[in-house]
Amino acid sequence: MTEKKRTKRNELGTLKPKARYEALISRISVLTSEYSSYSELFDLKDISFMNPFFAQIYFPHLRPETPFYLVHRQGFSYELRGGELGLPYGSYPRLILLDLFRRSVLQQSRFIQLGTTVKEYLNSLGLDDKPQTSEAVHSTLLQMMKTAITISQTAKQKEMLDINKATGVLVEKYENFVFIENMDIWCEVDEEEKKPRYRTRTIALSPKFYSYILAQSRLPFDFRYFSQLAKTKNTLAFDLLLWLPHRINSLNMKQTPTATITIQQLHDQFDPYSPAPL
């Protein structure tokens, strides 16, 4: 029996913008000159936009044992701190965060309208409107409202990354904010159980988080792909799909032909709390 080859930690992989990626990125660079507004781009091309800095910030993949989630990047660190409901995790907070970018950019407001009914909102996320889905999404929103994020830099990290340029926002030594400041709840009667169901109707983003959105929401994404991934619960694929266009675009902006990335670096980027690769 042939033994399956193991991937060693020091084996390298190369991330190189191929012709098809270069064509895509050059296409992206002229999109905003061809269309008059974000809403026109969305209506005609299904293209949404986000601040590319947040393509490097992820929620936990699995339910964390503590309400704290600290991750160190090369140029910065971030910590998520959950409230009494715990930290949001899995595919739903990832999908909801992208949707908040999508809606706030389109609506040009930090006060986000989610729709007229629970069903309409869930369908706009590409999800079914089953009671368990509705309950899971609502619980995730409540967790996200209670979750704070701290972005910080050490002196050494500052030498690696100009975070003010990367985010488009003036970031001090420590930047503390929440994603969601408040939520307005609507009530629907459950036809089967004959009792009210309380669900989120509108969301108020925090002024600080909205300032990140206003600063430079220039990374395009197609929400439909992420909606499909959210159904599979494959959060690693979700994060990779979000990060890869950001990374390739940064290579092109720096006119760097290739970037060498180790297996260990990929592990640290996407799943630092799991066992290290072999």
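Enquirer: Explain the pattern of salt bridges to me, please; I cannot follow it from the model alone.
Expert: Should the charged atoms of two oppositely charged side chains come close, the side chains can pair. Summed over all chains, the structure comprises eight salt bridges. Lys 146 serves as the salt-bridge partner of Glu 84, at 3.9 Å between the closest nitrogen and oxygen. With a gap of 62 residues between them, Glu 84 in the loop between strand E4 (77-81) and helix H4 (91-107) and Lys 146 in the loop between helix H6 (131-145) and strand E6 (148-152) connect regions that are remote in the sequence. Taking the relative accessible area as the measure of exposure, Glu 84 reaches 63% and is therefore exposed. Between Glu 175 and Lys 208 there is a salt bridge; the shortest N-O distance is 3.7 Å. Placement of the pair is Glu 175 in strand E7 (residues 174-178) and Lys 208 in helix H9 (residues 207-216), with a sequence separation of 33 residues. Residues participating in the shared-partner salt-bridge network are Asp 99, Arg 102 and Arg 103.

Enquirer: Teacher, can you tell me more about the environment of Leu 241 here?
Expert: With respect to the helices and strands, Leu 241 occurs in helix H11 (residues 235-253). A relative accessible area of 35% means that Leu 241 is categorised as partly exposed. Leu 241 sits 186 residues away from Ala 55 along the chain, and the two C-alpha atoms are 9.3 Å apart. Aside from chain neighbours lying at most four places away, what touches Leu 241 is Tyr 225, Phe 226 and Leu 229.

Enquirer: Help me understand the confidence of the model for the protein chain, please; the structure alone is not making it clear to me.
Expert: Detail in the predicted coordinates should be disregarded across regions flagged by low pLDDT. Confidence along the protein chain averages 79 in pLDDT terms, with 75% of residues attaining 70 or more. Across the protein chain, element-level confidence peaks in E4 with a mean pLDDT of 95 and bottoms out in strand E1 (residues 12-15) with 38. Contacts from residues 1-39, a stretch scored under 50 in pLDDT, to residues over four places away or in other chains number 59 contacts.

Enquirer: Mind showing me how you'd approach H4 here?
Expert: Given 3.6 residues per helical turn, the α-helix brings residues three or four places apart onto the same face. In this model H4 runs 24 Å from its N-terminal to its C-terminal C-alpha over 17 residues, within 8% of the 24 Å that 1.5 Å per residue would give. Taken across its 17 residues, H4 has 15 buried, putting it largely inside the fold. Residue Gln 108 follows H4 closely and has a positive phi angle near 50°.

Enquirer: Is there a simple way to explain the packing of aromatic side chains in this structure?
Expert: A full pass over the atoms with the stated rule returns 17 aromatic pairs. A connected cluster of aromatic rings, assembled from ring pairs, spans Phe 53, Phe 54, Phe 59, Phe 76, Tyr 78, Phe 101, Phe 177, Phe 179, Phe 209 and Tyr 212. The lysine or arginine in question, Arg 102, covers the ring of Phe 223, its NZ or CZ lying 3.8 Å from the ring centre. In this arrangement the basic side chain of Lys 233 is found over the ring face of Tyr 92, its NZ or CZ atom lying 4.2 Å from the centre.

Enquirer: Would you take a moment to explain unusual backbone geometry for this structure?
Expert: With the exception of glycine, most residues fall at negative phi, and the peptide bonds are largely trans. Notably, Gln 108 is not glycine yet its phi reads approximately 50°, a positive angle. Mapping Gln 108 onto the fold places it in the loop between H4 and strand E5 (111-113).

Enquirer: I would appreciate a short explanation of the environment of His 246 in the present structure.
Expert: Residue position: His 246 is located in helix H11. On a C-alpha basis, the gap between His 246 and Pro 220 in space is 9.1 Å, while along the polypeptide they are 26 residues apart. Once residues lying within four places of it in the same chain are set aside, the contact partners of His 246 are Pro 52, Ala 55, Gln 56 and Leu 219.

Enquirer: Please clarify how the sheet that holds E4 should be interpreted in this entry.
Expert: Strand pairs in the sheet, formed through backbone hydrogen bonds, run parallel or antiparallel to each other. Here four strands make up an open sheet; going across it, the order is E3-E4-E6-E7 and the pairing antiparallel. A single partner strand is all that each edge strand has here, and the edge strands are strand E3 (68-72) and E7. Each strand axis lies, on average, 15° off the axis of its neighbour in the sheet, ignoring direction. As paired strands, E4 and E6 are joined by five bridges and run antiparallel to one another. Bridge pairing in E6 places Leu 80 opposite Ile 149.

Criteria and cut-off values
- Residues numbered from 1 in each chain as written.
- Predicted model: local features only at pLDDT ≥ 70, side-chain atom pairs only at ≥ 80, totals over all residues.
- Heavy atoms only, no water.
- Salt bridge = Lys/Arg side-chain N within 4 Å of Asp/Glu carboxyl O.
- Helix = DSSP H or I, 4+ residues; strand = E, 2+ residues; numbered from the N terminus.
- Buried < 20%, exposed > 50% of the residue type's maximum accessible area, 1.4 Å probe, protein only.
- Contact = heavy atoms within 4.5 Å.
- pLDDT = per-residue confidence, 0-100.
- Expected span 1.5 Å × (residues − 1).
- Phe/Tyr/Trp six-rings, centres within 6.5 Å; stacked < 30°, edge-to-face > 60°.
- Lys NZ or Arg CZ within 6 Å of the ring centre and 35° of its normal.
- Pairing = 2+ DSSP bridges.
- Axes fitted to C-alpha atoms, helices over the stretch in contact; angles between N-to-C directions.

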